Amino acid sequence: MAKSKKQRKPKLAVWKFASCDGCQLSLLDCEDELLGVAKHIEIANFAEASRAISKGPYDISLVEGSITTPHDAERIHQVRRQSKILITIGACATAGGIQALRNFKDAKQFVSMVYANPKYIETLNKSTPIADHVFVDFELRGCPINKYHLLEVINAYLNGRKPNIPTYAVCVECKRRFVPCVAVTQAIPCLGPVTQAGCNALCPSYNRGCFGCYGPKETPNTSALSSYLLAQGRSREELVHLFRNFNAYSEAFRKESEAHEK
Amino acid sequence: MKEGKTVNACLLERKHFDTLLDALKVRGYKIIGPIVKDNAIVLEPVESVTQLPIGWVDEQSNGVYRLRKTDTPTLFNFTVGPHSLKQYLFPSVQKIFMTQRQGKSTESTVDEKVERKKKYAFIGLRPCELAALHIHDMVFIGGMYSDPVYQVRRKDLFLIVVNCTRAGGTCFCASMKTGPRAERGYDIAITEVYEKNQHYFILEGGSDRGMSLLKELKQGKEIDGRVQKVQELYTKAVQEMGKAVETSKLKDILAQQLEHPEYDNVGNRCLSCANCTLVCPTCFCSTVEDVTELSGASADRIRKWDSCFTLDFSYIHGGPVRLSVKSRYRQWLVHKFSTWIDQFGTFGCVGCGRCITWCPVGIDITEEIVKIRG
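An account of the accompanying structure is given in this report. Quick caveat, the model's predicted, so the values are computed rather than measured.

**Describing the environment of G215(A)**
Residues and elements named next belong to chain A.
Line of reasoning, step 1. With respect to the helices and strands, the residue G215 is situated in the loop between α10 (202-205) and α11 (222-231).
Line of reasoning, step 2. For G215 and C143, which are 72 residues apart along the polypeptide, the C-alpha to C-alpha distance reads 9.2 Å.
Line of reasoning, step 3. Residues in contact with G215, not counting those within four places in the same chain, are R141, V194, T195, Q196, N247 and F253.

Okay, here's the thing in structure tokens:
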């Protein structure tokens with residue numbers, strides 16, 4: 001890969017599905033690093049940054065958002081066909097996002113409650129991650145993603161190496177920053193022990209429990225955490241709310257919240 | 001390190017405690033000591049005695065740490081907090097070298113410069129932490145190869161230990177023979193006495209420089225008889241220690257009980273979050289990450305604290321070896337109390353109880369050992 005870039009810069013495209021744009025904004029948010037990145041890759045299709053769009057195929061596609069409409073379920077296949085490497089960015093694209101809360105209810109009811117003329121709304125009953133529809137080469141977690149992770153993945157691609165993206169718990173980041181555990185010092189319900197690192201323990205460093213923005217860690221033991229919280233006097237309802245956030249539809253968090261719903 | 005028999009001792013009144021800190025400052029030390037921060041007692045720079053946790057007491061149990069302010073103006077009436085010497089001597093994130101391409105060739109130069117650190121004086125360490133330091137010395141600088149990052153930080157430390165006159169809720173140092181009184185490896189050992197409106201400290205020198213510093217302090221009243229009195233305080237600490245590990249034949253028992261069903265039970269409870277290993281003052285595992293510059297012209301190698309509880313820790317060609325959480329817990333426990341002895345000749349546990357307090361689901365290694373011993 002290092003050789004081919006001498007001849008032609010790799011082309012990057014950014015795609016949006018059902019999402020808030022926060023993750024793709026992280027690329028623009030790389031203010032100090034953006035010119036450096038542009039030296040090595042051609043930002044060929046990024047509507048949020050420029051109307052100048054070059055045609056595909058693309059070497060890297062960053063995909064933001066989840067699949068929520070029949071149209072998007074088609075479109076993602078077109079994106080996949082034009083992309084050598086497809087990387088999903090953020091909780092929506094990797095787990096269905098906060099809009100996947102609809103998956104636990106009947107979406108049609110929401111549509112009829114929200115819209116005056118529901119007949120114009122064409123929506124799927126579930127919000128699903130990109131990997132449910134097409135092959136995904138790499139997933140960047142987070143709500144939103146960490147911009148340094150995005151740079152790291154692009155950097156790793158350019159240099160033909162494995163990206164340094166951790167899969168262990170947020171607790172490791174707390175400890176490396178010497179943040180005393182908020183669960184142990186204050187009995188704050190914290191998803192840190194079952195959530196993948198990546199935010200550099202942002203919430204615990206501000207005396208908050210982890211909300212699970214990066215989704216389940218490797219081998220997450222959600223049921224052991226729940227049992228402990230129940231023994232501490234937390235209610236099952238609280239547990240449902242705890243696991244139903246931005247990654248509510250990720251397998252581990254979904255199963256855990258469903259286990260406490262009845 | 002000097003053997004710390006009580007050669008020289010003195011009594012320091014509370015009102016003169018600042019003179020101890022002043023004597024360290026005059027010698028050019030940056031003082032690190034216990035302070036209250038983020039609902040815990042942590043180790044941070046200390047300038048004056050007023051920053052110490054005056055009147056604070058910690059209450060610890062499985063998965064629980066709480067601080068309570070009392071009216072008794074003691075300076076050291078707490079036990080170990082979440083931090084230890086480890087964070088200063090073995091940084092959690094450390095660049096270990098930088099390499100740069102030379103022109104068009106792929107030749108690399110390596111810059112392995114290890115920055116010099118300030119001379120640190122630690123005050124308020126506990127006897128178990130000195131025992132942990134002794135273990136880290138064996139691990140990092142005791143073998144054939146020395147770790148330069150640790151070595152440069154380890155040099156010139158001034159160590160002031162505070163003997164424990166109260167046991168924390170998760171302490172088990174007495175059974176690991178690392179406390180409540182420090183036997184060696186310190187420059188000065190302090191025992192705090194607070195009774196009937198008398199507040200003073202018994203200071204014992206454990207090294208030449210420790211003893212020479214003691215001479216400069218404003219000496220209190222006669223010390224005779226009081227050294228005997230503090231013995232009673234250590235005995236009280238041992239008596240109130242609620243946890244213990246039966247160490248006899250433990251190395252062999254654990255080696256023979258690798259398939260004990262208790263590992264299934266604890267594997268179901270364990271979150272594999274790594275908290276126990278990261279608060280452990282003897283755990284020393286790290287991983288390295290190579291980070292390239294975008295153009296690939298240079299790369300840094302970064303060393304970070306790692307843990308045997310992560311999946312990636314056992315990643316080798318073909319995949320990770322310890323897929324189950326049970327196997328990770330067993331690896332850790334057996335290392336601490338069995339294979340550590342093969343490796344370094346001591347237990348890898350000093351009985352500080354941090355892994356019990358800071359486990360988010362309160363798993364207790366002493367209880368696990370009781371079950372596995374059968």
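Next comes the rest of the account.
**A closer look at a nonpolar patch on the surface**
Line of reasoning, step 1. A cluster of nonpolar side chains, F110(A), M113(A), V114(A), Y115(A) and I121(A), forms an exposed patch at the surface whose accessible area comes to about 500 Å².
Line of reasoning, step 2. Its place among the elements puts I121(A) in the loop between α6 (107-114) and β5 (138-140).

**Quick notes on the sheet that holds strand β8 (residues 120-125) of chain B**
Pairing between sheet strands relies on hydrogen bonds along the backbone, with the strands arranged either parallel or antiparallel.
All names here are of chain B.
Line of reasoning, step 1. Taken in spatial order, the seven strands line up as β1-β11-β10-β9-β8-β2-β3 in an open sheet, and their pairing is mixed. Each end of this open sheet is capped by a strand with a single partner; those strands are β1 (8-13) and β3 (40-45). Between one strand axis and the next, the sheet turns through 25 degrees on average, direction left out of account.
Line of reasoning, step 2. In terms of strand pairing, β8 meets strand β9 (residues 158-162) through four bridges, oriented parallel. Paired with I123 across the strands is I160, a residue of β9.
Line of reasoning, step 3. Strands β3, β8 and β9 of the sheet are contacted by helix α3 (residues 127-141), whose axis makes an angle of about 140 degrees with β9.

**Notes on the pattern of salt bridges**
All names here are of chain B.
Line of reasoning, step 1. This model, assessed by the stated rule, comprises 33 salt bridges over all chains.
Line of reasoning, step 2. As a salt-bridge pair, D364 and K243 come within 2.6 Å of each other at their nearest N and O atoms. Note that D364 is positioned in the loop between α12 (354-357) and α13 (365-373) and K243 in the loop between α7 (226-239) and α8 (250-256), a separation of 121 residues in sequence. Take D364 and K243: they sit in the same class, and that class is buried.
Line of reasoning, step 3. E259 is the partner of R330 in a salt bridge, and the nearest nitrogen-oxygen pair spans 3.8 Å.

**A word on the side chain of T222(A)**
Line of reasoning, step 1. Counting through the fold element by element, T222(A) comes out in helix α11.
Line of reasoning, step 2. If sequence neighbours within four positions are ignored, T222(A) has contacts with V194(A), F243(A), A252(A), F253(A) and E256(A).

**So, the interface of chain A and chain B**
Line of reasoning, step 1. Facing the 33 residues of chain A at the interface are 49 residues of chain B.
Line of reasoning, step 2. Here chain A packs against chain B, burying approximately 3,300 Å² in sum over the two surfaces, 57% of which is carbon and sulfur.
Line of reasoning, step 3. For chain A, the biggest contributors to the area lost against chain B are R176(A), F178(A) and V184(A); these three give 21% of the whole.
Line of reasoning, step 4. Between R328(B) and E218(A) there is a salt bridge, with the nearest N and O atoms lying 3.2 Å from each other.
Line of reasoning, step 5. For the side of chain A that touches chain B, the elements supplying multiple residues, two or more each, are α3 (31-40), α7 (147-158), α8 (170-176), α9 (182-186) and α11 of chain A.
Line of reasoning, step 6. The element contributing the most residues to the side of chain A that touches chain B is α8(A), with four residues.
Line of reasoning, step 7. Class assignment for the residues of the side of chain A that touches chain B results in 15 nonpolar, eleven polar and seven charged.

**Comments concerning the packing of helix α9 (residues 262-269) of chain B against α13(B)**
Residue and element names in this part refer to chain B.
Line of reasoning, step 1. Direction vectors running N to C along α9 and α13 enclose 155 degrees, while the axes themselves pass 10 Å from each other. Between α9 and α13, the crossing angle belongs to the class labelled roughly antiparallel. Contact residues: α9 offers E262, Y263, V266 and R269, while α13 offers E368, K371 and I372.
Line of reasoning, step 2. Split into classes, the residues belonging to the contact of α9 with α13 amount to three nonpolar, no polar and four charged.

**Side note on the sheet that holds strand β1 (residues 11-16) of chain A**
Residues and elements named next belong to chain A.
Line of reasoning, step 1. Taken in spatial order, the five strands line up as β2-β1-β3-β4-β5 in an open sheet, and their pairing is parallel. Looking at strand neighbours, the two that pair on one side only are β2 (42-45) and β5, the edges of this open sheet. Adjacent strand axes in the sheet meet at a mean angle of 30 degrees when their direction is disregarded.
Line of reasoning, step 2. Here three bridges tie strand β4 (residues 83-89) to β5, and the two strands are oriented parallel to one another. What sits directly across from I87, in β5, is F138.
Line of reasoning, step 3. Docked against the sheet, α7 engages β3 (58-64), β4 and β5, running at close to 155 degrees with respect to β5.

The rules behind these values
Residues numbered from 1 in each chain as written. Chains lettered and ligands numbered in written order. Predicted model: local features only at pLDDT ≥ 70, side-chain atom pairs only at ≥ 80, totals over all residues. Heavy atoms only, no water. Helix = DSSP H or I, 4+ residues; strand = E, 2+ residues; numbered from the N terminus. Contact = heavy atoms within 4.5 Å. Patch = residues over 30% accessible without salt bridge, like charges linked within 9 Å, V, L, I, M, F, W, Y side chains within 5 Å. Areas by Shrake-Rupley, 256 points an atom, 1.4 Å probe, with all protein chains shown as cover. Salt bridge = Lys/Arg side-chain N within 4 Å of Asp/Glu carboxyl O. Pairing = 2+ DSSP bridges. Axes fitted to C-alpha atoms, helices over the stretch in contact; angles between N-to-C directions. Buried < 20%, exposed > 50% of the residue type's maximum accessible area, 1.4 Å probe, protein only. Buried area = accessible area lost by both parts, 1.4 Å probe. Nonpolar A, V, L, I, M, F, W, Y, C, P; charged D, E, K, R; others polar. Parallel < 35°, antiparallel > 145°, perpendicular 65-115°, else oblique.

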